[in-house]
Amino acid sequence: MKHKIIIVLLCLVSLNSNARQIITGNITDKETSKPVQSANVELLLLPDSSAVETMISNSEGLIILYKADTAKTYCLRIRHLVYKTMVFQIPKKKSTMNNLGVILLEPNTFNFKEIVVNGTKMKVTELGDRTIYALPDGLKKTSTDGLDVLRKLPSVQVDYLNEGITVNGKSNIKIEVDGITRDKEYLKRLHPSQVDKMEVITSPLGKYDAEVDAVINIITNPAMRFGLKGMVNVMALPISLDSYMGRASVSLDYGKEKISYYVSANGMLQQFGINSEMNRIAGINDLQQSGTLSIKGNNQNVNAGLIYDPDEFNDINLNIAYSGNASNPRGSISKPNEDLWNYNRTNGIMSNISRTLSNSKSNNDGLTSTLFYKHKFNKKNTHGFEVELNYYNTLNNNSSTDFQRIDYNPLDTIETYRSTWLTEKSITNTQTLKGQTNYTLPFDSVYSFNIGMSTNYNKFNIDNSSSLAQTPNLDFNNLLLGAYAELSRNFKKGSVKIGSRFETSYVTINSTEKSDYYSPLPYLNGSLKFNDNHSIKLSYSRRVIRPTSGQLNPLESKVDDQTISRGNIDLKPAYRDNLQFTYNAKVTLGKVTLNLAPQLFYEYQTGLIQTIISQNVNTNKFESVPQNISNGYQTGSGLSINSQIGKILFNSNFRYSFNHVDSYLDQIIATNVQNWNWNSFLMAPMPWDLKLIAMLNINGPTLDGQTKTQMSPFYFLGLVKQFKNNSSLNVMAFNPFASRFFESTTTLNANSVYQRTSTFMKTQAAFAIIYSYNFKIGKSIEKQKHTFEQQVEENGFELPF
């Protein structure tokens, strides 16, 4: 019996001394501190270097190895196509968990002057809250700047005229570059080669304001900061004899080891001739309205700043931006820019003919200053905090409209009345101060805790004046305080993130109207990876829609005497609860690679802010006023495709939704509308080193309270030629064979009124010619090569941190 006890004890000692051990770590880019995905990790037994276990790092750079033994000695060999191979000995620990912390990989560097990459394959990575697009060099070469690269992502739409950005139909988009708040004008200073990846976040986290619908974060290539580089872009877009647009941009960057400076400027000149037609039926009354509008405008933007990285623990960014735009800056009553005719009938008999001549001018410019600071406490993990300050101040914001009304006898069309020239004017002053701080605490190698606070003080004052009557002004003050807390957990095959943002808003309007709003805004997202080709993700978030200054402005505009419009200072915030489920699949058939992302979504909307057109029973005039109408919802499905067919790149995003709005008083009847959107992009090689590019955007009817809006399809065909002197030439034809450009038809069908409005530009030959030139002067660093044996000898099996 005694011998048996001794044998059992010896077995227990043996089991304890040879216990299994789990090895974890996070692989990170040494220069950018970003997670490194798809690194090949090998667990090697020493001293013979025999392989014990292999795995691939996930999208968060996480590795988990299960087959180690506490009694044995191991090393890790980490290999990646764009990083130097790393080999180091794993420190021995007796515990069952051996956390290596952050493993820093050093990027391979290349001679950018000599190496030409012609890849066109776009790599797509799905995370719980975002989609990451690794951009191929071939796609960048067909782009003129960072904003043009953005146009080619499946779920993003960028308007070619006003450059408005939408994601899945949502327009309140936040732009970031390397995690720092920027605007779309900043993207124009980025040469396409500086863009490494783009992240599209459709479920914004707690660190973002609740008004944000989606976030686009552009990740740049740090290696492209060094040296002197510049870029010039010029574009001409003739549409017809009275419609054209021209754009130009220039940027200059100079970077050293720890600091880089940049300055950029861009501007635009345009003239558009817009035609409008409207028919309104209210009982026995019928109004036919037609008009022409000429818009001459310009805008300009200047960005200047620096990026300072004194060491690997600190990052400082400073940016100062000026933006300005003007519409009809030289307009005068001697040459009105809008001519509007009204034909009124009662019981089918012409009762009144009138005409309104008007000249509208506006000017909006302002200065934005942004300071960003980020600190990491050590090299081993992402433990750190960041602070961002942003201040905006208007410089000269005003708008005015001079108008004159003329009446005609409906029988013989002889002029019977002509008013004097009247004026409506608004002067706006805006100051906005924003502050945001975020703190990240990783623990136990797979958990991360994030908290943050934000303050947003917004003040704008609108001084209104009118020749017709005394008009009220608007003095708006809003102090918005926000905070959030968030916990995330990484698994070998997925992640979970749960948190909530809380916002409290103190609003004062004209010193008398005071309102306080308290908004808990929870969110949740998670992802599960079945294998390298199949994964799913689920997300929920609650968002806020706040009224704009234009919706609040009480100025009563009577320029169009058929429809009087004004704002509403009693508007309240609206809310949206959004739920999304996405399945991601990668399919490879020979030279064909498909990344498919079918999606199901549901969004419930409360207190929607929509413009209501109704007839005033006292004056019989129609009024257009924004209101918090009843609730509604939309549900549907989508399919995003990123495909590589040989050398052809094809991206497509299709989205279908069923929209419902509840009835609202007698102004809106309960309405159901089916909507769809199809956005696609194609790039294919052609003879003589040309590239063919094509884009198509088709929209179904959009429900907006009382109205349904249908846009005409937009498409283009183009050729791109890349020259050896670092220049390129793009020629694109917009909507060839179409006689109308950007046509929009809006239908209103309420209990008491039916209205149909159509606006369009006449097209003769809409084509764009874009020329781009760039240069780079800097040192070239040859790619370093290390064999496994050399690196083992150099590192001496020591940890790199």
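Residues numbered from 1 in each chain as written. Predicted model: local features only at pLDDT ≥ 70, side-chain atom pairs only at ≥ 80, totals over all residues. Heavy atoms only, no water.

(A) Molecular detail of the environment of methionine 732. On the secondary structure map, methionine 732 appears in strand S44 (residues 727-734). Taking relative accessible area as the criterion, methionine 732 reaches 5% and is therefore assigned buried. Note: C-alpha distance between methionine 732 and isoleucine 693 (39 residues apart in sequence) is 8.5 Å. Setting aside its immediate chain neighbours within four residues, methionine 732 contacts Tyr160, Ile693, Phe716, Leu717, Gly718, Ala766, Phe767, Ala768 and Ile770. (Helix = DSSP H or I, 4+ residues; strand = E, 2+ residues; numbered from the N terminus. Buried < 20%, exposed > 50% of the residue type's maximum accessible area, 1.4 Å probe, protein only. Contact = heavy atoms within 4.5 Å.)

(B) Inspection of the pattern of salt bridges at higher detail. Counted under the stated rule, the structure contains 21 salt bridges. Of the charged contacts in the structure, one is a salt bridge between aspartate 253 and arginine 189, with a shortest N-O distance of 2.1 Å. Linking aspartate 253 in strand S17 (residues 243-255) with arginine 189 in the loop between helix H4 (184-187) and strand S14 (195-201), this pair joins segments that are 64 residues apart in sequence. This pair shows no difference in class: aspartate 253 is buried, exactly as arginine 189 is. Of the charged contacts, one joins aspartate 407 and arginine 405 as a salt bridge, the two residues approaching to 2.9 Å between their closest N and O atoms. Taking relative accessible area as the criterion, arginine 405 reaches 24% and is therefore assigned partly exposed. Overlapping salt bridges, with partners in common, bring together Asp209, Glu211, Arg501, Glu503 and Arg546 in one network. (Salt bridge = Lys/Arg side-chain N within 4 Å of Asp/Glu carboxyl O.)

(C) Molecular detail of the domain arrangement of the protein chain. The domain architecture assigned to the protein chain consists of domain 1 (2-108), domain 2 (112-225) and domain 3 (227-777). In total, domain 2 and domain 3 occlude about 5900 Å² of area from one another, counting both sides; carbon and sulfur atoms represent 49% of this. Taken together, domain 2 and domain 3 are joined by 5 salt bridges. Where domain 2 meets domain 3, there are 18 residue pairs in polar contact (both at pLDDT 80 or more). Of all the secondary structure elements, the ones that give two or more residues to the side of domain 2 that touches domain 3 are strand S8 (123-126), strand S9 (131-134), helix H2 (137-141), strand S10 (156-158), strand S13 (180-182) and H4. A per-class count over the side of domain 2 that touches domain 3 returns 20 nonpolar, 17 polar and 21 charged. (Domains from an automatic or database assignment. Buried area = accessible area lost by both parts, 1.4 Å probe. Polar contact = N/O pair within 3.5 Å; in protein donor to acceptor, adjacent residues only side chain to side chain. Nonpolar A, V, L, I, M, F, W, Y, C, P; charged D, E, K, R; others polar.)

(D) Structural context of the side chain of asparagine 266. Along the polypeptide, asparagine 266 turns up in strand S18 (residues 259-282). Side-chain polar atoms of asparagine 266 contact the side chain of glutamate 185, separated by 3.4 Å.

(E) Representation of the sheet that holds strand S4 (residues 62-69) in the model. The strand order S4-S1-S7 describes an open sheet built from 3 strands, whose pairing is mixed. In this open sheet, the two strands that pair with only one neighbour each are S4 and strand S7 (97-105). Shown here is a sheet whose adjacent strand axes are inclined to one another by a mean of 25 degrees, direction ignored. Where strand S1 (residues 20-29) and S7 come together, 7 bridges link them in parallel fashion. Within the sheet, the bridge partner assigned to isoleucine 23 lies in S7 and is asparagine 98. (Pairing = 2+ DSSP bridges. Axes fitted to C-alpha atoms, helices over the stretch in contact; angles between N-to-C directions.)

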